[in-house]
Structures are given as structure tokens and as C-alpha cells.
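Single-letter residue listing:
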Amino acid sequence: MSYPDFSEHGYQVLRELGRNREGGRITWLASKVDTGEQVVVKQFCFAQAGSSWSGFKAYEKEIQFLQELNHRGIPHYLSSFERPDGFCLVQEYINAPSLAETRSFAPEEIKQIAVKALEILVYLQNRILPIIHRDIKPENILVDEQLNVYIIDFGFARVGSQEVAASSIFRGTPGFIPPEQMFKPTDATDLYSLGVTLICLLTGIQSTRIDQLQDQDDPYLIKFHHLLPRLSLRFLGWLEKMVQPIQKNRFANAQSALEALKPLDVIRVAGVDFSETVLEFKANRLGEKPTQSITIENPISDTLLEGRWEVAPHPNDPPHTPDDHAWISVTPAQFSGNYTRFQVQVDTSKLMADKQYKRQLILHSNAYPEIHTLTVNVETATLPIEKWKIPSGSLIRLFLMTVVVAMATTWFITYAASAVASLFLQIVGYGWILFSSIFSLMGGFLMGYFIKQGKSVGTAVAWAVGAVVGEVVSRVVSGVVAWNVGWAVGWWGVHWWAVDSFVSWFLSAVGWFVHLAVASAVASAVGWVINLAEDSFTTVLILLTLGFGVSVGTGLIAGFLNPFILLALTGTSLPALSMLLYSPLKRRRLITKYRQFEESLIKP
């Protein structure tokens, strides 16, 4: 093939890039003779047979537009020169194929192309005199490997929405021309052409066969939904609005179309909503396997969420596969559904004691984005034997106190039973019911006061127990004293009512003092016992100690040969002894085992 000689103008033709349908316009790839820089030379051959001098106007117009434009997406005008058969236009060479060439783009890449093409149209439309290209199609859009977009061929462009002369009505490419371009193009005109171009890219249909998507009754109506089932409905709605035949139903200009496109997802994919994004685990004992639940929901309708879990690699964790981790497990590991509940379990037996661990769970799914992460924080248990001690001294004192109280109670029941009946008769006779009611009100007031002031419940319980015991003891003491004094007075034959009344009120006062003293003592004792019970183990041990002391104290008065006493001693002493000996030994063995394998445990 012979190439034209442009050497006198400083250019050497390398090869042909394209030829206009009219046959009067040929595009050449050339290089500058002096520098070797590659350029594009558009040759307008108006004097050749088959060519049309109407192309001369396009030539003049393109030069005019290119001299005024300065945008990275539009090749720059360099120069022009005359030829015997026409004119030549020289402009910047863009080393990028057009969208008319068979290429494969991902939907997200096509969105990037659309965004950059719209940005060029925004530049053209924001000029003082807006420029309408009027021939946007795959052949006139270049895209390089970095997805940089360039719009070329401004030969049919017009300034503003001027009315179109009859001679230029059919300028443009059939299938890419909106109805208003036939008479009065606007800013929305190029949007229709760009929309049809995007449909060609998404469906893989060549621009020369766009008629396959045109409606038989309305050739301006493009039907493409059925070819793009995987695309987002919102994106398809945007694209459908771009190619609306009626101009008012389209976007008004490139700026509004660009703003509507940017936030849209192209692919219709599932979404991921976590009930929790951070899971906190705290182990209370060595080797515990705490578990927590999380849920994942897919908020996108007409989609199905599918995925699998993986624990992110960590330098301190042993090598693992996606399905098997040393100490973290998720059930189910794989799933398919729009609402799924998962159980996340951590095995602290392989971790160091009294440490903080932080790991990441990775969710691989068909959602967008494809990867989501979940944080797992784990606090392991402390070594129990090093921080836990049995209150031996307090338990011994509690045992001795219980023995003394049990002995006194048993003695009183055994040797003073006959005085009890007379006691209650005298209590009723001296009006103790009234005093009992008053003291009960005071006890209730004190309980409420302590609780309101932020005191512990144990303090309130201690005062309540002290009040009850003090009530009984004071009645017994004052009643016994009153009974014996009354007997002595009767013995001496003194029956003065004044003395009897004085003695009664005096003994009542004595009973009150005894009442308050005993109540305070018992309240202090109960509060002390309650404060000892720091955990469930100590609480059980205290109760067994109390039971053992009562059994021993009762046995000292009633005799140890009583089968009930022997049963009580056995039922309290053996469990207490086993707790004092076995539990510490078990904890010590646990600590020894931990120390033995500590070096092989996983570090935080």
C-alpha cells in the first residue's frame, strides 16, 4: 500500500488508522521527521472522486474546536497544512485502541470508563459556549490499559443548542442519535449516545449491530435489561434513564448524570450486616472454652449471601488451614443464606494464663466487598492458687464461737426447759408484745436506712438476724431475771404494788439494754461471717464450719454417742475436710501441669 508523502511538511506516514465512510477523510499515524514523535494526521481529500466538499466544513470546525480545548481527555491540536487535493490536520497521538475493538471489560471497569467520559462531557458543557459532540460512539472513544479515556473526532460538534440545518440532519451514527439531534441538540443529546455506547460494552454487541436491541415500533427505544441479569437494578435504572428517547426523561446534563452514577454499585451483589463487629471473651478458669453468638444478615433483596470463615494468620499462631485453627472455631464454617447465626468458640487451654489476645476473623463471601473482618478479643483466666487463699484463722475462730454458742444453747434447752414456759407467761404479763413491736419497727427502719445509704445487703441481713436473736435472748434473760426476782419477793412476803411495779419497769429497762447489746453483737458476728464469703467455695466452707461447730458443741453437752450427733458430725466434718485438702491439691496439680507446658502455649 502506498502512503502519501508529507515529508515537505515534516511528517512521515507510518500506517493508516482509519477511513471515513464518505471516502474523503483518511486518518494516518505519522512521525515527525526531526524528532520522531508520533502524531495523527487527518487528511481531507475533497478533490478525489467520491469525496464531498461538505467535509471541508467539518475540517474547519474541528480545527476551531481543538484549538480552543485543553483537557487531558481530548487530543491536542498541533498544526495543519494544505495539500493539492485538500487539507491535513495534525494532532496529538494517543496510543490507545477505541472501544470498537473487541475487548473485555469488567462491569466496574465500564463504570470507570463512564465516569471519565462524563467528566469530559462536563468540561465541554461548562464552557461559556457549550460544545455538543453529536457523534459519541465506541469508535470515537479511546481507552488505554490504565482505563484513561479520550474522546476524539469533533468534526460534527456544534456550539450550544443551535438549530440544525437540513444538510446536517443525518450527521452522526444511526442507533446512537437521539430524536432531538435531528432538529435541536442539547446537553442531554450526548448522554443518549454515551448510554448506547455503554450498552454495547456491557452486552458485547458491536456498534454496527445496535439495531438488534432497538424496539421494532420505536427505534430510539433500546431494550437491554434481559441481557444484564447480574447488574444492579439501580445501575440499570441509571443506564435506562441515559437512553430515554424523550429528552425530558433523560438527565438534564452530564454533571447530573455523573453525580447520580458515582455512588452506584454496578454488580447486584449481596450485602453483609454484622450483629457485632467485636467479640469480647473472658475466661474465668484455666482451660475454659467460652462461646459467643453472632448473626449475619443480607439486606439486599433478590440476592443470596454465601461465604466461609477463616482466621487471619498471626505470627504467634501455629500454621493452620482455612478450615482448622488451633484455638478459634466458627460454626458453621461455610454457609448459604440471608440470615445465619454463628457460634464462635475459643479454646483457652492452649493459651497462656492472665493474658490478652487479639485476632481477626475473615469472612469471604459473594458480597461487595468480598472480604469483611471481625475482631476477637480474649482475656484468659488467672492462675488460681497464686491469688487464692483459705481464711484458716477466721474459720478456726468461727468454729470455736459456734462450739460455745451450741454448748450454751444445748445447756439452756437441757437444764432450763422448765423455766421457758413461765418465761413466756411473764413476757405476756409485762407487756413485751408492745416493746417487741416497737423494736421490730426500729429494725425495719435500720435495714432500709443501711440499704439506702449504699451499704451491702450483707450488712442489712446482719442487722436483721441480730434483731431477731437479740429479741429472743433479751426476753429470755429479762424474763428469767424477772421470774427469779418475783419468786424472791414472794418468798420474803413483800407484796407492795409499788415495789412490784418498780421491779417490772426496771426489769423492762434491763431487758432493753440486753436486747440492744445482744443485737449489736450478733449483727457484728453475722456481718463478719458474710464478709468472709468472697466466693462460692469459701461460702460452702463457712457453712460446713458452722455445722461442724454446732455438732461438736451439741455433742459436748448432749453426748457424742447420740446417733444424730454422730450423723451431724460425719455430714459436716468429712465434706469440710475434703474441701480443705482435695481442692487445693487439685488446683496445685493444675498449676503444675500449666507450668510444665507453659513454654509450648500460644503467646498473645
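Keep in mind that what you see is a predicted model, and the values were worked out from it rather than measured. Along each chain, the written sequence defines residue order, and numbers are assigned to residues from 1. It should be noted that, the model being predicted, local features are given only for residues of pLDDT at least 70 and side-chain atom pairs only at 80 or more, the latter also being counted only at that level, while totals for whole chains, interfaces and linings use all residues. To obtain the side-chain values, all non-hydrogen atoms of the structure were used and water was disregarded.

**So, the pattern of salt bridges**
When their charged atoms lie close together, side chains carrying opposite charge are able to pair. The rule for a salt bridge is simple: a side-chain nitrogen of Lys or Arg has to be within 4 Å of a carboxyl oxygen of Asp or Glu. Scanning the entire structure with this criterion turns up eight salt bridges. Here arginine 127 and glutamate 68 are joined by a salt bridge, their closest N and O atoms 3.2 Å apart. Note that arginine 127 is positioned in the loop between helix H2 (107-125) and strand S6 (131-132) and glutamate 68 in helix H1 (residues 55-68), a separation of 59 residues in sequence. Between buried and exposed lies partly exposed: a residue is buried under 20% and exposed over 50% of the maximum accessible area for its type, with that area taken using a 1.4 Å probe on protein chains only. The class of glutamate 68 is partly exposed, set by a relative accessible area of 42%. For the salt bridge of aspartate 135 with lysine 137, the shortest nitrogen-to-oxygen distance reads 3.9 Å. Numbering of helices and strands runs from the N terminus, with a helix taken as a DSSP run of H or I at least four residues long and a strand as a DSSP run of E at least two residues long.

**Describing unusual backbone geometry**
Here threonine 331 and proline 332 are connected by a cis peptide whose omega angle stands at -5 degrees. Topologically, proline 332 is positioned in the loop between strand S14 (328-331) and strand S15 (334-336). Phi at leucine 147 takes a positive value of approximately 65 degrees, unusual for a residue other than glycine. Inspection of the secondary structure assignment puts leucine 147 in the loop between strand S7 (141-143) and strand S8 (149-151). On the basis of relative accessibility, which here comes to 9%, the residue leucine 147 falls in the buried class.

**Points about the packing of H2 against helix H3 (residues 189-203)**
Angles here are taken between N-to-C directions and fall from 0 to 180 degrees, while the axes themselves are lines fitted to C-alpha atoms, restricted in helices to the stretch in contact. Interhelical geometry of H2 versus H3 gives an angle of 160 degrees and a closest axis separation of 11 Å. Between H2 and H3, the crossing angle belongs to the class labelled roughly antiparallel. In terms of crossing hand, the pair formed by H2 and H3 is right-handed. Here H2 contributes Ile110, Ile113, Ala114, Ala117, Leu118 and Leu121 to the contact with H3, which in turn contributes Asp190, Leu191, Leu194, Leu198, Leu201 and Leu202. Here the residues of the contact of H2 with H3 sort into eleven nonpolar, no polar and one charged. Note on terminology: angles under 35 degrees are roughly parallel, angles over 145 are roughly antiparallel, angles of 65 to 115 are roughly perpendicular, and the others are oblique. Left-handed describes a crossing whose near helix is turned anticlockwise from the far helix through less than a right angle; right-handed describes the clockwise counterpart. Contacts are residue-level and defined by heavy atoms, with any inter-residue pair within 4.5 Å sufficient. Throughout, the ten residues Ala, Val, Leu, Ile, Met, Phe, Trp, Tyr, Cys and Pro are labelled nonpolar, Asp, Glu, Lys and Arg are labelled charged, and all others, Gly among them, are labelled polar.

**Regarding the packing of aromatic side chains**
Aromatic pairs are defined between Phe, Tyr and Trp rings, using the six-membered ring for Trp, whenever the two ring centres lie within 6.5 Å; interplanar angles under 30 degrees are classed as stacked, those over 60 as edge-to-face, and all others as tilted. Applying the stated criterion across every chain yields a total of ten aromatic pairs. Centroid distance phenylalanine 6 to phenylalanine 81: 5.6 Å. Interplanar angle 65 degrees. Geometry classified as edge-to-face. Placement of the pair is phenylalanine 6 in the segment before strand S1 (11-19) and phenylalanine 81 in strand S4 (residues 77-83), with a sequence separation of 75 residues. With a centroid separation of 5.6 Å and an interplanar angle of 65 degrees, the aromatic rings of tryptophan 327 and tyrosine 357 are classed as edge-to-face. Taken together, the residues span a long stretch of sequence, with tryptophan 327 in the loop between strand S13 (306-311) and S14 and tyrosine 357 in strand S17 (residues 356-365) at a distance of 30 residues. In terms of burial, tryptophan 327 and tyrosine 357 fall into one category: buried. Through successive ring pairs, a cluster of aromatic residues spans Phe274, Trp309, Phe335 and Phe342.

**With respect to the environment of lysine 42**
Residue position: lysine 42 is located in strand S3 (residues 38-45). Judged by its relative accessible area of 6%, lysine 42 falls in the buried class. Along the chain, lysine 42 and glutamine 91 lie 49 residues apart, while their C-alpha atoms are 8.3 Å from each other.

**Regarding H2**
In this analysis, the expected span of each helix is defined as 1.5 Å times one less than the number of residues it contains. Given a rise of 1.5 Å per residue, 19 residues ought to cover 27 Å, and the 27 Å separating the end C-alpha atoms of H2 matches this to within 8%. The set of residues buried in H2 consists of Ile110, Lys111, Ile113, Ala114, Val115, Ala117, Leu118, Ile120, Leu121, Val122, Leu124 and Gln125. At its buried positions, H2 is contacted by S6, S7, S8, H3, helix H4 (233-242) and helix H5 (254-261).

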